[in-house]
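# Understanding the architecture of this molecule
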Amino acid sequence: MTGQPTTAIFGSYVLAEQDGRQVVLRDRWVITEGDRIAAIATGQPKADIVLDAPGRFVLPGLLNLHNHCFSEAVARTHTEDGAGRKSNGSIVYTVLLPLTKKGLDIFTADERMAVARMGVLQLLKGGATTVMEPFRNGLGEMFDAALEMGLRFYGAPYLFSTADARADASGQVAYRGDDGAADLEAWDALQARWDGAANGRIRLAMSPHATDTCGPDLLRACAARARALGVPLTTHLAQSQQEVDTIGRRHGGRSPAEYLDWLGVLGPDLLAAHCIASSDSDLALMAARGATVLNCPRVFARAGTTAAFGRFAEAGLRTAIGTDGYNMDLLGEVNAAAMISKIAAGRPDVAGAPELIGAVTRQAARAIGRDDLGVVAAGAKADLTVVDLTHPHLQPLHDPVRALVWLANRANIDGVMVDGRLLVQNGHYLAGDEQAITRAGTAAIEKLWALPEAQAAFNS
C-alpha cells in the first residue's frame, strides 16, 4: 500500500474480464487505492472505507459518450408527442439550436452554472462516471460543474460554420452567419484552460456540430487540430433526412458520410452521433474507415424514428450508447437499445445483453483510446458504478447482466466512484444538496421557457 486512501466494495457480482472476455465473478471485493483499482480479492481486506452491502453488482464506471445537458433540458416535456416540430421532422432546427442560442444570450453566469450542475447531477445519479458532452461554447460552466462535482468529463464545445440554423414556418432550414474562425479560437482557449485539469479528469473533445452546420474548411481544420493534439473528434452525422438532403444539394449528391470521407474526416478517431439516416452503403463506408457510432435510441423513439443499435453493430461498426440528454438514464437507454434493435430486426438474438453492457464500458472506453477505463482490473482507473440488485423487480435473479439490460434503471444506481472518490452512495449525491441544485437549474430553464419565442417554438 502507498498510503493513499483505500476503499473496499463488496460485490455479490463483479463484472470483470478474463482473456479479453466479459465475465461475472461472484462474491468478490474490489479494492481501490487512490485513483486506481488495486485488486479484486475473495477475502475482506482492510481499507479506510468498507462498503459491504449484499446484492450489489459492481461494474466498471459507465461511459456515456453523447449527452446534451442544456439542450435537452430546454426541450423536456415540451417536444414529446410531436410538439414543436412545425413542418420539419427534427426539433434540432425548430427548438434546440434557436433556443439554446437564446438561452446563452439571457442567462447570467450563475444561471449557466445552475444548468450545468443540474445536468451533472442527473448524469451521476444515472450511473455515468465518464461523459462526453457537446454543448454551445458559451456554456463553459459545464467544465466548472464537472470539476466541482467529480465527473470524468470530455467537454466538446461546438464549432459552427453557422450557429444560427433554424426552421421557418414551412419547415425549411435557413443557415445564417459564419462563426468558424471565432469558434476555433474559442475552442483553443478552452483547451488551454481545461484540458488535463484535475489530474486528467477534465479533457476536451473536438466537436464540429454537424455536417450541415459546418463547411468543408471548418471540418478539415477541426480534424487536423484534433489529430495534432490527440483529442477525440465527434460530430452529428445523418441525424435527420433534412441533413442528408442538404448535404446532397451542396456537395454533388454526396451523403453526409461520403462528404466527411471526401474531406478526410471519416476515420478511426471519429465518433459519429446518431447516423439514423445513413444508408447501408454509408455504414459500410464508415465501418471500412473504422469510425464509431454513438447510438441514442430513446430521443428518436419519441418521434417515431428507429435508431437501432443492432443495425450499426451488425454493419461491423463499433457502437457505443449515449443518452443525448434525454432523461440521462444510461441503463434505461441500454434497455431501449435492446428493445428497438430486436423490433427493427424482427429477431430476438440481436443486440444481446453482454454486447450492450460492453457498449457503455469496454467498447466505449476503446472508442476514446482509454484502456484504463471501462474495466474492473488492477491498475485501471478507480471508476466504478454499483447497482443494487435487491429490488423486487430484479428478483429472483439468474443472470445479472440480463437483469441490467432488461429490468434495471437509474433508480437502482447505488454507488458511483470516479478516481477513487465516492460521489454517489445509497443512491444519493454526497457532495451537494440535490434539491437545491435541481431548483436552481429548473429556475434558469423556466426563465427561457417564459420567452415569447420559446412559447412560439414549443406550440408550433
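Only a predicted model underlies this, so the values are computations on that prediction, with no experimental measurement involved.

## Section: the overall build of the chain
Looking only at helices and strands, one finds 18 helices and 20 strands in the chain. Relative to the globule expectation of 23 Å for 460 residues, the C-alpha radius of gyration of the chain, 21 Å, shows essentially globular dimensions. Taking the principal axes of its C-alpha atoms as reference, the chain extends roughly 65 × 45 × 45 Å. When the 460 residues of the chain are sorted by exposure, 60% land in the buried category. Long-range contacts, defined here as pairs at least 24 residues apart, represent 72% of the contacts in the chain between residues at least 6 apart. Of the side-chain charges in the chain, 43 are positive and 51 negative, and the distance between the mean point of each set is 1 Å.

## Examining the packing of aromatic side chains
Under the definition given, this model contains 9 aromatic pairs. Considering the side-chain rings of Tyr13 and Phe57, the 6.0 Å spacing of their centres and the 65 degrees angle between planes classify their relative orientation as edge-to-face. Here Tyr13 is found in strand β1 (residues 6-18), whereas its partner Phe57 is found in strand β5 (residues 56-60), with 44 residues between them in sequence. No difference in accessibility class separates Tyr13 from Phe57, as the two residues are buried. Consider the rings of Phe70 and Phe107, whose centres lie 5.8 Å apart with planes at 50 degrees: the pair is tilted. Of this pair, Phe70 sits in helix α1 (residues 69-75) while Phe107 sits in the loop between α2 (91-106) and α3 (109-125), and the two are 37 residues apart along the sequence. Look at Phe70 and you get buried, because its relative accessible area is 5%. Members of the aromatic cluster, joined through ring pairs, are Phe135, Phe143, Phe153 and Trp194. Positioned over the ring face of Trp262 is Arg254, at 4.1 Å from the centre of the ring.

## What about helix α4 (residues 141-149)?
Where α4 is concerned, the buried positions are Glu141, Met142, Phe143, Ala145, Ala146 and Met149. Count one or two residues on from α4 and you reach Gly150, which has phi positive near 100 degrees.

## Things to note about the sheet that holds strand β14 (residues 270-274)
Spatially, β13-β14-β15-β16 is the arrangement adopted by the 4 strands of the open sheet, whose pairing is parallel. Whereas interior strands pair on both sides, the edge strands pair on one side only; in this sheet they are β13 (233-237) and β16 (318-321). If you compare each strand with its neighbour and ignore which way they point, the axes differ by 30 degrees on average. Strand direction decides the pairing type here: β14 and strand β15 (residues 292-295), joined by 3 bridges, are parallel. Its bridge partner lying in β15, Leu271 is registered against Thr292.

## Some details on the pairing of β5
Burial runs high along β5: 5 of the 5 residues are buried. Where β1 and β5 come together, 2 bridges link them in parallel fashion. Opposite Tyr13, over in β5, you have Phe57 as the bridge partner. Strand direction decides the pairing type here: β5 and strand β17 (residues 384-388), joined by 5 bridges, are antiparallel. By the bridge assignment, Val58 is partnered in β17 with Val386.

## Quick look at helix α7 (residues 216-229)
Between its first and last C-alpha, α7 extends 20 Å over 14 residues, near the 20 Å set by a 1.5 Å rise per residue. Those residues of α7 not exposed but buried are Leu218, Leu219, Cys222, Ala223 and Ala226. Take α7 and look down its axis: the buried residues cluster within an arc of 130 degrees, on one side only. The exposed set on the far side of α7, more than 90 degrees from its buried face, consists of Asp217 and Ala228. The inward-facing, buried residues of α7 contact β8 (152-159), α5 (180-194), β12 (207-208), β13 and α9 (256-263). Once α7 ends, the next one or two residues include Gly230, with phi positive near 75 degrees.

## Examining a nonpolar patch on the surface
Together, Met339, Ile343, Trp406 and Leu407 line one region of the surface with nonpolar side chains, adding up to about 410 Å² of accessible area. Among the secondary structure elements, Leu407 is positioned in the loop between α16 (400-406) and β18 (413-418).

## What to know about the state of the cysteines
Within this structure, the stated rule accounts for 0 disulfides. Looking at Cys69, it has no disulfide partner, and the nearest cysteine sulfur is the one in Cys296, 13 Å off. Its sulfur unpaired, Cys275 is 9.8 Å from the next cysteine sulfur, which belongs to Cys296.

## With respect to the pattern of salt bridges
This structure, assessed with the given rule, holds 26 salt bridges. Of the charged contacts in the structure, one is a salt bridge between Glu333 and Arg298, with a shortest N-O distance of 3.3 Å. Of this pair, Glu333 sits in helix α13 (residues 330-345) while Arg298 sits in helix α11 (residues 297-301); the two residues are 35 residues apart in sequence, bridging distant segments of the chain. Taken individually, Glu333 and Arg298 each receive the classification buried, so the pair is uniform in this respect. Across the pair Asp419 and Lys381 runs a salt bridge, and its minimum N-O distance is 3.2 Å. Here the residue Asp419 occupies a position in the loop between β18 and β19 (421-425), and Lys381 occupies one in the loop between α15 (362-367) and β17, the gap between them amounting to 38 residues. Since its relative accessible area comes to 6%, Lys381 is described here as buried. The network of salt bridges with common partners includes Asp35, Arg36, Arg152, Arg370, Asp372, Lys381, Asp383 and Asp419.

## What to know about the nonpolar core
One finds Phe57, Phe70, Leu124, Met286 and Leu356 to be the most contacted residues of the largest nonpolar core, which totals 112 residues. Counting residues in hydrophobic clusters, the runner-up holds 17 residues, among them Ile37, Val58, Ala380 and Val386.

## Notes on the pairing of β19
Strand direction decides the pairing type here: β18 and β19, joined by 4 bridges, are antiparallel. Looking at the pairing, Met417 lines up with Leu422 of β19. Hairpin connection of β19 to strand β20 (residues 428-429): 2 residues between the antiparallel strands, including Asn426 at a positive phi of 55 degrees.

Reading guide: rules and limits
Residues numbered from 1 in each chain as written. Predicted model: local features only at pLDDT ≥ 70, side-chain atom pairs only at ≥ 80, totals over all residues. Heavy atoms only, no water. Helix = DSSP H or I, 4+ residues; strand = E, 2+ residues; numbered from the N terminus. Rg over C-alpha atoms; globule rule 2.2 N^0.38 Å. Buried < 20%, exposed > 50% of the residue type's maximum accessible area, 1.4 Å probe, protein only. Contact = heavy atoms within 4.5 Å. Lys, Arg positive; Asp, Glu negative; His and termini not counted. Charge placed at Lys NZ, Arg CZ, Asp CG, Glu CD. Phe/Tyr/Trp six-rings, centres within 6.5 Å; stacked < 30°, edge-to-face > 60°. Lys NZ or Arg CZ within 6 Å of the ring centre and 35° of its normal. Pairing = 2+ DSSP bridges. Axes fitted to C-alpha atoms, helices over the stretch in contact; angles between N-to-C directions. Expected span 1.5 Å × (residues − 1). Arc of directions from axis to C-beta. Patch = residues over 30% accessible without salt bridge, like charges linked within 9 Å, V, L, I, M, F, W, Y side chains within 5 Å. Areas by Shrake-Rupley, 256 points an atom, 1.4 Å probe, with all protein chains shown as cover. Salt bridge = Lys/Arg side-chain N within 4 Å of Asp/Glu carboxyl O. Disulfide = S-S within 2.5 Å. Core = buried A, V, L, I, M, F, W, Y, C linked by side-chain atoms within 4.5 Å.

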